[in-house]
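Each chain, written out:
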Amino acid sequence: MGTPHVKGKHRRKARRRRARSRICLRKGCGRKYLPRCWNQRYCLEPECQRQVRRWQAARRQATHRQNRFAKARHAQAQRAYRQQTKFASQVVRHPEVTPARGHAAKVSLPLLCDRPGCYEPPVTSIRNPARYCCHACRRAVHNVQDRERKWRSRGTLDGRTKRAYEYQAACQQRLRRRSTSASLSLRAPPE
Ligand SMILES: [Zn+2]
Ligand SMILES: [Zn+2]
């Protein structure tokens, strides 16, 4: 007689997932902690929190210093430009020779790695200004940003679709890695 009626108590309850322990984001801490809220990034050790505040202050200072430096450089470039145009006012000017105004001053690189607690300078190249000193720092911050992004998009259709794609890709990658490592071990000479 039709589908059985599912009573309230038999219905599967939406389980509240227990929070997984996290590893403190601060470089050099490495403590595990149970988060109290979704966007907690650090452990609750007072010493660690003090260190994070210290790093934030150092970074603010570095940014401030760099802004000052950029401003000074910009002013200098402007002065040089004015001087040059004064001398060259009588001469025919070639546009490709005129210096770019203020472009150099716009480039401002952070002096500290972007990972909290890291005092190393980021690896910089003119073409690709990096924000982190090493792969580990970049990975650590990206993992946290990824987790927070997933949390923000949870429950939305967009978020669910994206997550499904991500899990699928991760699964395929795992399989691929497993098959390559299997073939490598097959090819390895016997000891
Ligand atoms: Zn910590
Ligand atoms: Zn770093």
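Everything quoted here is computed from the prediction, not taken from an experiment. (Residues numbered from 1 in each chain as written. Chains lettered and ligands numbered in written order. Predicted model: local features only at pLDDT ≥ 70, side-chain atom pairs only at ≥ 80, totals over all residues. Heavy atoms only, no water.)

Regarding the environment of R160
Item 1. Relative to the helices and strands, R160 is located in helix α4 (residues 157-187).
Item 2. When the C-alpha atoms of R160 and K150 are compared, they prove to be 9.2 Å apart, with 10 residues separating the residues in sequence. (Helix = DSSP H or I, 4+ residues; strand = E, 2+ residues; numbered from the N terminus.)

Considering the confidence of the model for the chain
It should be kept in mind that the predicted coordinates are not to be read in detail where pLDDT is low.
Item 1. Per-residue confidence for the chain gives a mean pLDDT of 80; residues scoring 70 or more make up 74%.
Item 2. The model gives residues 97-106 a pLDDT under 50, and that stretch makes 11 contacts with residues more than four places away or in other chains. (pLDDT = per-residue confidence, 0-100. Contact = heavy atoms within 4.5 Å.)

What about the coordination of the zinc ion (ligand 1)?
Item 1. The protein atoms donating to the zinc ion (ligand 1) are C24 (SG), C29 (SG), C43 (SG) and C48 (SG), with metal-donor distances spanning 2.2 to 2.3 Å.
Item 2. Every donor counted, the four donor atoms about the zinc ion (ligand 1) form angles of 104 to 117° at the centre, which fits tetrahedral coordination.
Item 3. For the zinc ion (ligand 1), all donor residues lie on one chain, and their spacing in sequence is C-x4-C-x13-C-x4-C. Taken together, the residues C24 in the loop between β1 (22-23) and β2 (32-33) and C48 in helix α1 (residues 46-88) connect sequence positions 24 residues apart. For the pair C24 and C48, one class covers both residues: buried. (Donors = N, O, S within 2.8 Å, 3.2 Å for Na, K, Ca; no water. Tetrahedral: all angles 85-135°; square planar, octahedral: opposite > 155°, others 65-115°. Buried < 20%, exposed > 50% of the residue type's maximum accessible area, 1.4 Å probe, protein only.)

Digging into the packing of aromatic side chains
Item 1. This model, assessed by the stated rule, comprises one aromatic pair.
Item 2. Geometrically, the ring pair formed by W38 and W151 is stacked, given 5.9 Å between the ring centres and 5° between the ring planes. On the criterion of sequence distance, the pair formed by W38 in the loop between β2 and α1 and W151 in helix α3 (residues 135-152) is long-range, its members being 113 residues apart.
Item 3. Judged by its relative accessible area of 35%, W151 falls in the partly exposed class. (Phe/Tyr/Trp six-rings, centres within 6.5 Å; stacked < 30°, edge-to-face > 60°.)

Some thoughts on the nonpolar core
Item 1. Residues C24, L25, C43, C113 and C137 are the most contacted members of the largest nonpolar core, which totals 16 residues.
Item 2. The dominant element in this core, judged by the number of residues it contributes, is α3, at four residues. (Core = buried A, V, L, I, M, F, W, Y, C linked by side-chain atoms within 4.5 Å.)

A short note on the coordination of the zinc ion (ligand 2)
Item 1. For the zinc ion (ligand 2), the protein coordination sphere consists of C113 (SG), C118 (SG), C133 (SG) and C137 (SG), at 2.3 to 2.4 Å.
Item 2. Donor residues for the zinc ion (ligand 2), ordered by position in the chain, follow C-x4-C-x14-C-x3-C.
Item 3. Given a relative accessible area of 18%, C133 falls into the buried group.

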